[in-house]
Each structure stands twice: as C-alpha cells, then as structure tokens.
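# Summary of structural features
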Amino acid sequence: MTYRVCLVCMGNICRSPMAEVVLRRTLADRGLGDRVIVESAGTGGWHVGDPMDERALEILTEHGYDGTAHRARQFTKDWFDRYDLVLAMDRDNLSNLRHLAPGGVEVRLFRSFDPAAPDGAEVPDPYYGGREGFEEVLGLVEAASEGVAKHVADSLDEIH
C-alpha cells in the first residue's frame, strides 16, 4: 500500500514545497520513501505552474536538498480522496481546507507533529521578508517532518 501526504500553504511556492522536499527526504532516510508519496499545493492559484520561490530554493540547496523539480499547483476539493493526510502550514490555510473538506476528512496543522511546538503553532509565511524567514521555515519543517514521518510509519504499520 502507498500512503499519500499533501502539504498545503497559500501559493505553493515557499512553505509547502520546502516541507515537501524535506519530508520526502526524511521519509527516505527512514526507509519509507518507496511507500509514501509526498506532494504539495496551495489554496490559491496565483502561482500555478511556477517554480519554487528562488529564496526557498536557495536555502534548500545550501542545506543539501533539491527543490528544482517543483511546480506550483492549487488544491481543489476533489483532491481530498487522493490523500491519507492533508497538512496546512497555517490556520488560514487550515480554515480554507476545512471549508473545502467533505465530512469526516481530517486536516491538521503541519507543526502539530512537532512535539516541541505549542498548540496551534504555524509555519510563518516568509514571502514578504528576507532570507532569515526562509531559514526559520526550514528549521520548523525539519522539526515537524520527523513527527510526520513517525505518524506515517505508525499508520503504515497499522495497515499491515
């Protein structure tokens, strides 16, 4: 069985693609890369088809990640049946996703998987800031990705 995760932010050029790249590697490092599909999307369609923000790509590259293949997509209501887990980067996107979600679909904040994060913690949008915001986002998504990987591994164990 393949487990599918979608990470969602506003435009799908900064936070969610950074989280996608980091989570994919985290899962691969745990030996789960061939059992999990990780994708990302935005709740808005402004950047559909665009590559990752160059600042996000630069930070990822400096830390040994490859985000060059990313192209922005927009999450739509019919996507919920594609994924086992849909994670929002902040409360605004969480609200947008819950508004779209059919009954019974669980949508969570990405940082809810970081045991060191307070309840309701978000991944802040670095788009209008400088380099330090993208560095902060990388640290936050690396921390939460460990928890997501554990959750996915536990879920896969329950299925088998």
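Residues numbered from 1 in each chain as written. Predicted model: local features only at pLDDT ≥ 70, side-chain atom pairs only at ≥ 80, totals over all residues. Heavy atoms only, no water.

## So, the nonpolar core
Within the largest apolar cluster, 37 residues are counted, with the highest numbers of intra-cluster contacts made by Val5, Leu7, Val36 and Phe110. When residues of this core are traced back to their parent elements, those giving at least two are β1 (3-9), α1 (15-29), β2 (36-42), α2 (54-62), β3 (85-88) and α4 (131-159). Counting residues per element, this core draws most heavily on α4, at ten residues. Filtering out sequence-adjacent residues up to four positions away, Val5 remains in contact with Leu23, Val36, Ile37, Val38, Glu39, Tyr83, Leu85, Leu87 and Val152. In this structure, Phe80, Tyr83, Val86 and Ala88 belong to the second largest nonpolar core, which totals 14 residues. (Core = buried A, V, L, I, M, F, W, Y, C linked by side-chain atoms within 4.5 Å. Buried < 20%, exposed > 50% of the residue type's maximum accessible area, 1.4 Å probe, protein only. Helix = DSSP H or I, 4+ residues; strand = E, 2+ residues; numbered from the N terminus. Contact = heavy atoms within 4.5 Å.)

## So, the packing of aromatic side chains
The relation between two aromatic rings is expressed through the spacing of the ring centres and the mutual angle of the planes. A full pass over the atoms with the stated rule returns five aromatic pairs. Linked through ring pairs, Phe75, Trp79, Phe80 and Tyr83 together constitute an aromatic cluster. The ring of Tyr65 carries the charged tip of Arg25 above its face, separated from the ring centre by 4.1 Å. Sitting over the ring of Tyr127, Arg55 keeps its end group 5.5 Å from the ring centre. (Phe/Tyr/Trp six-rings, centres within 6.5 Å; stacked < 30°, edge-to-face > 60°. Lys NZ or Arg CZ within 6 Å of the ring centre and 35° of its normal.)

## Describing the pattern of salt bridges
If you walk through the whole model with that rule in mind, you get twelve salt bridges. Between Arg4 and Glu39 there is a salt bridge; the shortest N-O distance is 3.3 Å. With Arg4 in strand β1 and Glu39 in strand β2, this residue pair connects regions lying 35 residues apart in the sequence. Across the pair Glu135 and Arg131 runs a salt bridge, and its minimum N-O distance is 3.5 Å. In this pair, Glu135 and Arg131 both sit in helix α4, four residues apart, roughly one turn of the helix. For Arg131, a relative accessible area of 37% gives the class partly exposed. Through salt bridges with shared partners, a single ionic network connects Glu58, Glu62, Arg131 and Glu135. (Salt bridge = Lys/Arg side-chain N within 4 Å of Asp/Glu carboxyl O.)

## Looking at the environment of Gly147
Here Gly147 is to be found in helix α4. For the pair Gly147 and Asp53, spaced 94 residues apart in sequence, the C-alpha to C-alpha distance is 25 Å.

## Structural notes on the side chain of Ser40
Along the chain, the position of Ser40 falls in strand β2. Looking at Ser40, the relative accessible area reads 2%, which means it is buried. A polar contact of 2.9 Å, which involves the side chain of Ser40, links it to the side chain of Asn12. Residues within four places of Ser40 in sequence aside, it is in contact with Cys6, Leu7, Asn12, Ser16, Pro17, Glu20, His70 and Arg73. (Polar contact = N/O pair within 3.5 Å; in protein donor to acceptor, adjacent residues only side chain to side chain.)

## So, the environment of Asp50
In this fold, Asp50 is placed in the loop between β2 and α2. With relative accessibility at 32%, the residue Asp50 sits in the partly exposed group. Through-space distance from the C-alpha of Asp50 to that of Gly11 is 9.8 Å; in sequence the pair is 39 residues apart. Not counting chain neighbours up to four residues away, the residues in contact with Asp50 comprise His70, Arg71 and Ala72.

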